[in-house]
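Structural overview for review
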Amino acid sequence: MTHPLVSYPQDPDTPVSHLPFSPSVVVGDLIFVSGQASVDATGKIVGDSFEGEFRRSVENLRKVLEAAGSDLAHVVQTRNYVRDDVDVPAFNALYREYFSAPFPARTTITNCLPASLRYEIEAVAVRRAK
């Protein structure tokens, strides 16, 4: 797609996948970030505790946002996927470490990920003011 308001920013540090999607798509000042999971720079899944996977996923989100000219403070919506219901209390506690009031709009879905993942996050953000 070629449109003057649409771009697909990536830095060498941006986590990528072998699957057919872009880490983010920028439309004007809006940034749409694809689901970020506990993966390394090549897209290989890195299994861990729920906390470890959460932190790696959010750090991957941070890297994608930085490549697009934004940061976690400019996130306006998140969609969160938690594999096991038992991890929801930990999710809520960890989420508060990365996002603060007024919180982004949020959806959380449980029991939806394969056995290889405990957590995934996608987001919509705005670019930082220039």
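You'll find the structure just up there.
As the structure is a computational prediction, the values presented were derived from the model and not from experiment.

As a further point, take the overall build of the protein chain. Of regular secondary structure, the protein chain possesses 2 helices and 6 strands. Starting at the N terminus and ending at the C terminus, the protein chain contains elements arranged as β-β-β-α-β-α-β-β. Each of the three principal axes of the protein chain carries a C-alpha extent, and together these read 45 × 35 × 20 Å. When each of the 130 residues of the protein chain is scored for burial, the buried share is 38%. Restricting the contact set of the protein chain to residue pairs at least 6 apart, pairs at least 24 apart contribute 69%. When the accessible surface of the protein chain is split by element, carbon and sulfur atoms take 55% of a total near 7,000 Å². Between the averaged position of the 13 positive side-chain charges in the protein chain and that of its 16 negative side-chain charges there is a distance of 2 Å.

Moving on to the pairing of strand E4 (residues 75-82). Sheet topology places E4 next to strand E6 (residues 119-126); 7 bridges connect them, and they run antiparallel. Each bridged residue has a counterpart across the sheet, and for Val82 the counterpart in E6 is Tyr119. Regarding the hand of the β-α-β motif, the stretch spanning E4, helix H2 (residues 88-98) and strand E5 (residues 105-110) is right-handed.

Tallied over the entire structure, the rule returns 7 salt bridges. Put simply, Arg55 and Glu97 hold a salt bridge, and the shortest N to O gap is 2.9 Å. Remark: Glu97 occurs in helix H2 and Arg55 occurs in helix H1 (residues 50-67); sequence separation between them is 42 residues. Ionic pairing is found between Glu59 and Arg62, a salt bridge with its closest N-O pair at 2.9 Å. Residue Glu59 and its partner Arg62 are both found in helix H1; the two are separated by 3 residues, about one turn of the helix. Via salt bridges that share partners, Glu51, Arg55 and Glu97 belong to a single interconnected network.

Our focus in this paragraph is H2. Of all the positions in H2, only Phe91, Leu94, Tyr95 and Tyr98 are classed as buried. Angularly, the buried residues of H2 cover 110° about the axis, an arc narrow enough to put them on a single face. Exposed residues on H2 whose side chains face more than 90 degrees from its buried face are Pro89, Arg96 and Glu97. Turning to H2, the residues buried within the fold contact H1, E4, E5 and E6.

A few words now on the pairing of strand E2 (residues 24-27). Across the two faces of E2 the burial differs, with Ser24 and Val26 buried and Val25 and Val27 not buried at all. For strand E1 (residues 6-7) and E2, the ladder comprises 2 bridges, and the chain directions are antiparallel. Its bridge partner being in E2, Val6 is matched across the sheet by Val27. Counting the residues in the hairpin turn of E2 and strand E3 (residues 30-37) gives 2 residues, including Gly28, whose phi is positive at 65°.

Analysis parameters
Residues numbered from 1 in each chain as written. Predicted model: local features only at pLDDT ≥ 70, side-chain atom pairs only at ≥ 80, totals over all residues. Heavy atoms only, no water. Helix = DSSP H or I, 4+ residues; strand = E, 2+ residues; numbered from the N terminus. Buried < 20%, exposed > 50% of the residue type's maximum accessible area, 1.4 Å probe, protein only. Contact = heavy atoms within 4.5 Å. Areas by Shrake-Rupley, 256 points an atom, 1.4 Å probe, with all protein chains shown as cover. Lys, Arg positive; Asp, Glu negative; His and termini not counted. Charge placed at Lys NZ, Arg CZ, Asp CG, Glu CD. Pairing = 2+ DSSP bridges. Right-handed = clockwise from strand over helix to strand, strands pointing away. Salt bridge = Lys/Arg side-chain N within 4 Å of Asp/Glu carboxyl O. Arc of directions from axis to C-beta.

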